[in-house]
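# Structural characterization, general
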Amino acid sequence: MSRAAPGPHPLTPAGLPAGDEWVRGCPTCHLPIQGGSASLATHRRTVHTSAGDPRTPINIQL
């Protein structure tokens with residue numbers, strides 16, 4: 001279950017504030033995040049919490 005950021009969320013690069021980047025990487029886990037600084041803040045709030053990373057690791061053996 002995901003939590004949406006409060007307020008309007010930009011859905012296109014044109015909807016971002018001036019000077020904001022559409023795609024950036026998370027400095028903690030290096031995942032690409034689309035949607036500018038608002039999406040990066042939401043990613044940090046939901047994935048990188050004090051409880052740890054809630055994502056389930058997947059190991060694929062080749």
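Note that the structure is predicted; figures quoted are calculated from it, not measured.

Calculation rules
- Residues numbered from 1 in each chain as written.
- Predicted model: local features only at pLDDT ≥ 70, side-chain atom pairs only at ≥ 80, totals over all residues.
- Heavy atoms only, no water.
- Helix = DSSP H or I, 4+ residues; strand = E, 2+ residues; numbered from the N terminus.
- Buried < 20%, exposed > 50% of the residue type's maximum accessible area, 1.4 Å probe, protein only.
- Contact = heavy atoms within 4.5 Å.
- Areas by Shrake-Rupley, 256 points an atom, 1.4 Å probe, with all protein chains shown as cover.
- pLDDT = per-residue confidence, 0-100.
- Patch = residues over 30% accessible without salt bridge, like charges linked within 9 Å, V, L, I, M, F, W, Y side chains within 5 Å.
- Salt bridge = Lys/Arg side-chain N within 4 Å of Asp/Glu carboxyl O.
- Disulfide = S-S within 2.5 Å.
- Expected span 1.5 Å × (residues − 1).
- Arc of directions from axis to C-beta.

## Section: the overall build of the protein
Secondary structure assignment for the protein yields 1 helix and 2 strands. Along the protein, from the amino end to the carboxyl end, the secondary structure elements read β-β-α. In the protein, buried positions account for 19% of the 62 residues. Across the protein, the fraction of contacts at a sequence separation of at least 24, relative to all contacts at a separation of at least 6, is 22%. Counting only carbon and sulfur atoms, one obtains 59% of the accessible surface of the protein, whose full area is about 5000 Å².

## Quick word on the environment of Gln-34
Structurally, Gln-34 can be placed in strand S2 (residues 32-34). Look at Gln-34 and you get exposed, because its relative accessible area is 53%. Note: C-alpha distance between Gln-34 and Arg-24 (10 residues apart in sequence) is 6.6 Å.

## Examining the confidence of the model for the protein
Across the protein, the average pLDDT comes to 77, with 74% of residues at 70 or higher. Of all helices and strands in the protein, the one with the weakest mean pLDDT is strand S1 (residues 23-25) (83), whereas S2 scores best (87).

## Observations regarding a nonpolar patch on the surface
Side chains of Ile-58, Ile-60 and Leu-62 sit close together on the surface and give an oily, nonpolar patch of about 480 Å² of accessible area. Note that Ile-58 resides in the segment after helix H1 (36-47).

## Focus on the environment of Pro-17
With respect to the element layout, Pro-17 can be found in the segment before S1. Taking the relative accessible area as the measure of exposure, Pro-17 reaches 52% and is therefore exposed. Each C-alpha atom, one on Pro-17 and one on Ser-37, is 9.3 Å from the other, the two residues being 20 residues apart in sequence.

## Topic: the state of the cysteines
Should the sulfur atoms of two cysteines be covalently bonded, the bond is a disulfide. The final tally for this structure, using the stated rule, is 0 disulfides. Free of any disulfide, Cys-26 has its nearest neighbouring cysteine sulfur in Cys-29, separated by 3.8 Å. On the basis of relative accessibility, which here comes to 1%, the residue Cys-26 falls in the buried class.

## Some details on H1
Between the first and last C-alpha of H1 there are 16 Å, a value that for 12 residues agrees with the 16 Å anticipated at 1.5 Å per step. Inspection of H1 places Gly-36, Ser-39, Leu-40, Thr-42, His-43 and Val-47 among the buried residues, and these make up the whole buried set. Seen from one end, H1 has its buried residues packed into an arc of 160 degrees, which puts them on one side. The inward-facing, buried residues of H1 abut S1 and S2.

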